[in-house]
Protein chains: 2
Amino acid sequence: MKTKVQSGDKSEKRVFHNTDDCPIRNVVTQIGDKWSVLLLFALVEGPDRFNALKARVVGISQRMLTQTLRDLEREGYVNRTVYPEVPVKVEYELTALGRNLVQPLYQLVSWAETHHDEIKQSRIEYDNRG
Amino acid sequence: MKTKVQSGDKSEKRVFHNTDDCPIRNVVTQIGDKWSVLLLFALVEGPDRFNALKARVVGISQRMLTQTLRDLEREGYVNRTVYPEVPVKVEYELTALGRNLVQPLYQLVSWAETHHDEIKQSRIEYDNRG
DNA sequence: CTGCATCCCGGCAGATACTG
DNA sequence: CAGTATCTGCCGGGATGCAG
């Protein structure tokens, strides 16, 4: 989180930037997409193949599976291994960094499950107010 | 995280769904957008007004600030208070739920800052490989 | 089996102008 | 001050067809 303290400001509140070099944005942008978290949690259970992942992550298209896996690989969360058999076999597995990332994600998942009902209730009340 | 264990499957790997009723998706979808996290962290430092937030969160447009604040309010993370002065004054502050959410987010921020260099390096290597 | 290439459409988000 | 309204361009992502 890139921050600055404004000198001379009595409140001393921080200023927040949304740059490509902001650590939190790097992570949140990636895991915030529609499929990354589900794939990371799927791969926590062990390496898996392309079509196996496609079957386990319900609703993901071939295109988005490829793209998301490429992104996760680029960030360093996932390893891609090609076995030159016929037909070809490709296995994806978490890297050490990927397994490491899953820890704080678990915290968020746990939080989400705990407070899910509160959030749903809040939405209902908000929508009823107009 | 909504999961199922497939009976008869030797690997017993879970199946992941991406439904509107999935707790983790509810949270990740919201905080995963471009501005939510920055706004939550800005509001951790105390209540703040619309234009003050606009100045502190660099780069956010008026439209997106309004929209993101409305979304955060709907989820129950933010309270909106209107003071009927002239000109009108509107203050935003975190709810108990919002302050609570910030805790696991801190974990993620901390992780992101710690591993930022690894991620940047991974990207460079990936891009050099083609 | 594991993708890539292409077409295409709906929705996100910036810019701008207006209002209580 | 704190928004809403409208217009518009862009691109995320589905569907489909092809390839190593």
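Look up: the structure comes first, before these words.
What you are looking at is a predicted structure, and each value in this text was computed from that prediction instead of being measured.

The subject of this paragraph is the sheet that holds strand E5 (residues 89–94) of chain B. Residues and elements named next belong to chain B. Pairing in this open sheet of three strands is antiparallel, and the strands run E3-E5-E4 from one edge to the other. The sheet is open, and its two borders are formed by strand E3 (48–49) and strand E4 (78–83), each paired with just one other strand. Of the strand pairs in this sheet, E3 and E5 are connected by two bridges, and their pairing is antiparallel. What sits directly across from Arg49, in E5, is Glu91. Across the sheet, helix H4 (residues 62–75) is in contact with E4 and E5; its angle to E4 comes to roughly 115°.

The subject of this paragraph is the packing of helix H2 (residues 36–44) of chain B against H4 of chain B. Residues and elements named next belong to chain B. Relative to each other, H2 and H4 sit at 75°, their axes nearing to 10 Å. For the element pair H2 / H4, the angle class is roughly perpendicular. Contacts between H2 and H4 involve Ser36, Leu39 and Leu40 from the first element and Leu65, Thr68, Leu69 and Leu72 from the second.

Moving on, we come to the protein's contact with DNA strand C. Inspection of the region around DNA strand C gives 17 residues, with Asn51, Gln62, Thr66, Arg80 and Tyr92 of chain A positioned closest. Protein-proximal atoms of DNA strand C, defined as those within 4 Å of the protein, fall in sugar or phosphate at a share of 67%. Ser61 of chain B places a side-chain nitrogen or oxygen 3.2 Å from a phosphate oxygen of DNA strand C. Mapped by element, the contributors of at least two residues to the surface near DNA strand C are helix H3 (50–56), helix H4 (62–75) and strand E5 (89–94) of chain A together with H4 of chain B. Residue contributions to the surface near DNA strand C peak at four residues, all from H4 of chain A. Here the residues of the surface near DNA strand C sort into seven nonpolar, five polar and five charged.

With that settled, the discussion passes to the interface of chain B and chain A. It is common to give the size of an interface as the accessible area that goes away when the parts come together. Listed as interface residues are 60 residues of chain B and, on the opposing side, 60 residues of chain A. When the two sides are added together, the surface that chain B and chain A hide from each other amounts to roughly 5,700 Å², 60% of it contributed by carbon and sulfur. It is Phe16, Arg74 and Trp111 of chain B in chain B that bury the most area against chain A; as a group they hold 12% of the surface buried on that side. Taken together, the links from chain B to chain A amount to eight salt bridges. One salt bridge connects Arg74 of chain A with Asp127 of chain B, and the closest N-O pair in it is separated by 2.7 Å. Across the chain B-chain A interface, the total number found is 22 residue pairs in polar contact (both at pLDDT 80 or more). By residue number, the principal contributor to the side of chain B that touches chain A is helix H5 (residues 96–129) of chain B, which donates 21 residues. For the side of chain B that touches chain A, the class distribution of residues is 29 nonpolar, 11 polar and 20 charged.

Here we take up the sheet that holds E5 of chain A. On the basis of which strands lie adjacent, the open sheet formed by three strands has the order E3-E5-E4 (chain A) and antiparallel pairing. With partners counted over all chains shown, the strands left at the sheet margins are strand E3 (48–49) and strand E4 (78–83) of chain A, one partner each.

What follows concerns the protein's contact with DNA strand D. Residues in contact with DNA strand D amount to 17 residues; listed here are only the nearest, Ser61 and Met64 of chain A together with Gln62, Arg80 and Tyr92 of chain B. Taking all atoms of DNA strand D within 4 Å of the protein, the share assigned to sugar and phosphate is 63%. A distance of 3.1 Å is found between a base oxygen of DNA strand D and a side-chain nitrogen or oxygen belonging to Arg63 of chain B. At 3.5 Å from a sugar or linking oxygen of DNA strand D is found a main-chain nitrogen or oxygen belonging to Val88 of chain B. The element that contributes the greatest number of residues to the surface near DNA strand D is H4 of chain B, accounting for four residues. Its residues assigned to classes, the surface near DNA strand D comprises seven nonpolar, five polar and five charged.

Rules of the game
Residues numbered from 1 in each chain as written. Chains lettered and ligands numbered in written order. Predicted model: local features only at pLDDT ≥ 70, side-chain atom pairs only at ≥ 80, totals over all residues. Heavy atoms only, no water. Pairing = 2+ DSSP bridges. Helix = DSSP H or I, 4+ residues; strand = E, 2+ residues; numbered from the N terminus. Contact = heavy atoms within 4.5 Å. Axes fitted to C-alpha atoms, helices over the stretch in contact; angles between N-to-C directions. Parallel < 35°, antiparallel > 145°, perpendicular 65-115°, else oblique. Near = heavy atom within 4 Å. Polar contact = N/O pair within 3.5 Å; in protein donor to acceptor, adjacent residues only side chain to side chain. Nonpolar A, V, L, I, M, F, W, Y, C, P; charged D, E, K, R; others polar. Buried area = accessible area lost by both parts, 1.4 Å probe. Salt bridge = Lys/Arg side-chain N within 4 Å of Asp/Glu carboxyl O.

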